[in-house]
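These are the residues of each chain, in order.
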Amino acid sequence: MGGNSNGSAGSDLGSLSSPVSIFIDNNDNLFVCDRDNFRILKFTPNATTGVIVAGNGTAGNESNQLRGPKGVAIDQYDDIIVADSDNYRIQKFVNGSTLGITLASNSSINPLGQMRDLHIDVNNNIYVTDSDNNQVVKFIPFSSIGVVVAGGGPAGPGTDQLSGPFGNFVDPNGTLYVADDQNFRVMKYFPGSLNGTIVAGNGTAGSNSYQLARSISIIVDNNGYIYVADYGNARIMRWTTNYAVGGVCVIGCTGTSGTSATQLRGPRDLKFDRHGNIYVTDQANHRIQKFLIQIPTAGCSISPVGIYALTISTCATWNDTGLTMGGNSNGIPGSNLESLSTPVSIFIDNDDNLFVCDRDNVRILKFTPNSTTGIIVAGNGTAGNESNQLRGPKGVAIDQYGDIIVADSDNNRIQKFVNGSTSGITLASNSSINPLGQMKDLHIDVNNNIYVTDYDNNQVVKFIPFSSIGVVVAGGRPAGPGTNQLSGPFGNFVGPNGTLYVADDQNFRVMKYFPGSLNGTIVAGNGTAGSNAYQLTRSMSIIVDNNGYIYVADYGNARVMRWTTNYAAGGVCVIGCTGTSGAAATQLRNPRDLKFDRHGNIYVTDQGNHRIQKFLIQGCSSKSPK
């Protein structure tokens, strides 16, 4: 992806010389610390020629120069942040500028030695690994004085010590991982603690599965699995959360270093792109290599990713008697932990935990499997705009890190509650440059992008990770029936290939949008309100299965309808098919949301009955629930 495939060094824009750190942005642009050429190169997707975006190719300490750059990252404002190591300074290059601004530098009150890596967390804090001083230092925004967050004392093997550290990684929860090179291990530090835990390597150099020979860089995936650039063994190792088992080689597993496409020579850094592919700085081969992610084969123990792992038969049916999973089965509202009051959106995670937007109780409740008593995981039960409060929550989802993301609708903001915390962090809010009205639903796709349905502005807005400014991906115009318009939209759903579906409520239809297109196609409903098989009376929420079949919460008709890919044939009722609304187990009253669990059962927010109902999936020829 950068440099010469034959492993030769060079200084032209198609070559690299001892590259170090790399960064891949959400548009798949690759940024490379081209150390011995004293520059940062940017490679756009599929390009083999780079563009100089920082440094002028000569060593120096002027604002347009670098000397030994060893860390690069892009912040939330698309500015380039560089660990200008041999100048002992951190430089910021504002997007489009080749003149650097010094954010921090070495001084008596801010010792800053040879920096080996640089990372930016979700709050725009900068972390640099200072190898000379055996420490990792954190710089909060607008501060030039760092705070030691790991190490900081003499080199040593203690759990509060580091020895010649290189790479660092910070997850969204603020947990810090450090490649403790000369101790041949990786350390993990929880926020606020200077005492770490060994999570990879055993402290001795070697090539066994439990050893490392120079741990240079690390990344951590959504499962908590740790990937280590094992420089001395020319390989990438993966450790699971069961550290004692040892690591498994995932890249460069030939047992020898070399220049072939299956080999590495001195892997110096590694990063995921948004698709899960791994990029490796193959330093001694003066190149950046990309290793494509593969679909798990049979026997893989990785957990399925939500409903995308489902295989539902085209002829599947669901038991018509619902089981109450949250709220009172008799349809009575309440405020205790067994009750709900006008619930809205729901989410079911891979452990079958149910999360409910309990709107009128201004809280998010979590129901563990087989429990009828909820646990408050966001909001304190009183309406407000403090960090521990919500007002009219209408969308909830769990992201890839286990954090709770909430459409805090009446506060016109999107809140993130880090796993285990009841204090929310605002990811986005209404402003003149980012209009955000009443949000009716929230969805997270496989790349951790957030999609919210903005009812007031007749649009669906997408927020990429680390950005507080949304992009309109559907609607955005005055309300209307055109294929490029929406009218009072509610639910949204995004397939694994990025296809967007929108419940266009006031147009009595469901729209489908291919990635990049603002012109949709009608895939359910005919644009008129009614109870026939081809009509909807308020389309409130949708989900889509592996067959492309669309399931619609038909609020006004108190039923769930399924449309096949043959839209013109009309829909078929699958749940709530009695023809009347009510509180019986076979009835619904104003279904507001619906979700699959990992088994294919359908959960429905039965809003008018203040309960969540579960309908068990059945085989094609049997009436017995599976």
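These figures come from a predicted structure and were not determined experimentally.

## Quick notes on the pairing of strand β15 (residues 176-180)
Thought 1: Of all 5 residues in β15, 5 are buried; the element is thus mostly enclosed.
Thought 2: Of the two faces of β15, the one holding L176, V178 and D180 and the one holding Y177 and A179 are both buried throughout.
Thought 3: Of the strand pairs in this sheet, strand β14 (residues 168-170) and β15 are connected by 3 bridges, and their pairing is antiparallel. From the neighbouring strand, F169 faces β15, where its bridge partner is Y177.
Thought 4: For β15 and strand β16 (residues 185-189), the ladder comprises 5 bridges, and the chain directions are antiparallel. Each bridged residue has a counterpart across the sheet, and for D180 the counterpart in β16 is R185.
Thought 5: Counting the residues between successive antiparallel strands, the hairpin from β15 to β16 contains 4 residues, one of them, F184, with a positive phi of roughly 55 degrees.

## Concerning the nonpolar core
Thought 1: In terms of nonpolar packing, the biggest core is built from 34 residues, with W318, I550, Y551 and I575 touching the most fellow members.
Thought 2: The set of elements that each furnish at least two residues to this core consists of β40 (500-504), β42 (521-524), β43 (539-544), β44 (550-554), β45 (559-563), β46 (572-575), β47 (591-596) and β48 (602-606).
Thought 3: Core analysis: the next-biggest nonpolar cluster, separate from the first, contains 26 residues, V20, A54, L66 and V72 among them.

## A short note on the sheet that holds β42
Thought 1: Taken together, 4 strands build an open sheet; the order of strands is β39-β40-β41-β42 and the sheet is antiparallel. With one partner strand each, in any of the chains shown, β39 (492-494) and β42 form the two edges of the open sheet. Strand-to-strand, the axes of this sheet are offset by a mean angle of 30 degrees, without reference to chain direction.
Thought 2: Relative to strand β41 (residues 509-513), β40 is paired through 5 bridges, and the arrangement is antiparallel. Paired with L500 across the strands is Y513, a residue of β41.

## Some thoughts on the pattern of salt bridges
Thought 1: Per the counting criterion, the structure on display carries 20 salt bridges.
Thought 2: For D181, the salt bridge identified is with R214, shortest N-O distance 2.9 Å. Taken together, the positions of D181 in the loop between β15 and β16 and R214 in the loop between β17 (197-200) and β18 (215-220) put the pair 33 residues apart, joining distant regions of the chain.
Thought 3: With a relative accessible area of 1%, D181 lands in the buried category.
Thought 4: Exposure remark for R214: the relative accessible area of 30% places this residue in the partly exposed category.
Thought 5: Between D606 and R611 there is a salt bridge whose closest N-O contact spans 2.7 Å.

## Some details on the domain arrangement of the chain
Thought 1: Along its sequence, the chain is carved into domain 1 (19-292) and domain 2 (317-618).
Thought 2: For domain 1 and domain 2, the distance between their C-alpha centres works out to 39 Å.
Thought 3: Facing 9 residues of domain 1, the contacting portion of domain 2 comprises 11 residues.
Thought 4: For the pair domain 1 and domain 2, the summed buried surface comes to about 920 Å²; carbon and sulfur atoms form 53% of the total.
Thought 5: Our count for the contact surface shared by domain 1 and domain 2 stands at 0 salt bridges.
Thought 6: Considered class by class, the residues forming the side of domain 1 that touches domain 2 number 2 nonpolar, 6 polar and 1 charged.

## Focus: the packing of aromatic side chains
Thought 1: Following the criterion strictly, the structure yields 6 aromatic pairs and no others.
Thought 2: Here the aromatic rings of Y227 and F272 are separated by 5.2 Å at their centres, their planes lie at 85 degrees, and the arrangement is edge-to-face. Highlighted residues: Y227 in strand β19 (residues 226-230) and F272 in strand β22 (residues 267-272), separated in sequence by 45 residues.
Thought 3: A residue is classified by how much of its surface remains accessible, and F272, at 26% relative accessible area, is partly exposed.
Thought 4: When the ring of Y455 is compared with that of F490, the centres are 5.4 Å apart and the planes differ by 85 degrees; the resulting orientation is edge-to-face. In this pair, Y455 sits in the loop between β36 (450-454) and β37 (459-463) while F490 sits in the loop between β38 (471-475) and β39, placing the two residues 35 residues apart along the sequence.
Thought 5: Since its relative accessible area comes to 25%, Y455 is described here as partly exposed.
Thought 6: Connected via pairs of aromatic rings, a cluster forms that spans W318, Y551 and F596.
Thought 7: A cation over a ring is seen here: R214 above Y231, with NZ or CZ 5.3 Å from the ring centre.
Thought 8: The ring of Y555 is capped by R538, whose NZ or CZ atom sits 5.3 Å from the centre of that ring.

## Let's talk about the state of the cysteines
Thought 1: This model, assessed by the stated rule, comprises 2 disulfides.
Thought 2: Covalently, C249 is tied to C253 through a disulfide, its sulfur atoms 2.1 Å apart. The disulfide joining C249 to C253 has a torsion of about -100 degrees about its S-S bond and is therefore left-handed.
Thought 3: Relative accessible area serves as the criterion here: at 27%, C249 is assigned to the partly exposed category.
Thought 4: Of the residues examined, C253 reaches a relative accessible area of 43% and is grouped as partly exposed.
Thought 5: Residue C573 pairs covalently with C577 via a disulfide, S to S 2.1 Å. Between C573 and C577, the S-S dihedral sits near -100 degrees, and the bridge is therefore left-handed.
Thought 6: With relative accessibility at 24%, the residue C573 sits in the partly exposed group.
Thought 7: The partly exposed category is assigned to C577, whose relative accessible area is 45%.

Criteria and cut-off values
Per chain, residues are indexed from 1 in the order of the written sequence. pLDDT decides what is reported in this predicted model: residues at 70 or higher carry local features, side-chain atom pairs at 80 or more are listed and counted, and totals for whole chains, interfaces and linings draw on all residues regardless. Just so you know, side-chain values use all the structure's heavy atoms and leave hydrogens and water out. For every residue, the accessible area (1.4 Å probe, protein chains only) is compared with the maximum for its type, and the residue is labelled buried under 20%, exposed over 50%, or partly exposed between those bounds. For the purposes of this entry, the term helix denotes a DSSP run of H or I that reaches at least four residues, the term strand denotes a run of E that reaches at least two, and both are numbered from the N terminus. DSSP bridges decide pairing: two strands pair if at least two such bridges lie between them. In this text, buried Ala, Val, Leu, Ile, Met, Phe, Trp, Tyr and Cys residues form a nonpolar core when linked through side-chain atoms within 4.5 Å. Note on geometry: axes are C-alpha line fits, over the in-contact stretch for helices, and angles between N-to-C directions span 0 to 180 degrees. By convention in these notes, a salt bridge is any Lys or Arg side-chain nitrogen within 4 Å of a carboxyl oxygen on Asp or Glu. Reported domain spans reflect what an automatic or database domain assignment gives. In this analysis, two residues are considered to be in contact whenever any of their non-hydrogen atoms come within 4.5 Å of each other. Buried area is a sum: the accessible area each of two parts loses on coming together, probed at 1.4 Å, counted once for each and added. In the scheme used here, Gly and all other residues not listed as nonpolar or charged are polar, with Ala, Val, Leu, Ile, Met, Phe, Trp, Tyr, Cys and Pro taken as nonpolar and Asp, Glu, Lys and Arg as charged. Think of it this way: a Phe, Tyr or Trp ring, Trp meaning its six-membered ring, pairs with another when their centres are within 6.5 Å, and the plane angle makes it stacked under 30 degrees, edge-to-face over 60, tilted otherwise. Whether a charge sits over a ring comes down to the Lys NZ or Arg CZ being within 6 Å of the ring centre and within 35 degrees of the ring normal. Note on terminology: disulfide denotes any pair of cysteine sulfur atoms within 2.5 Å.

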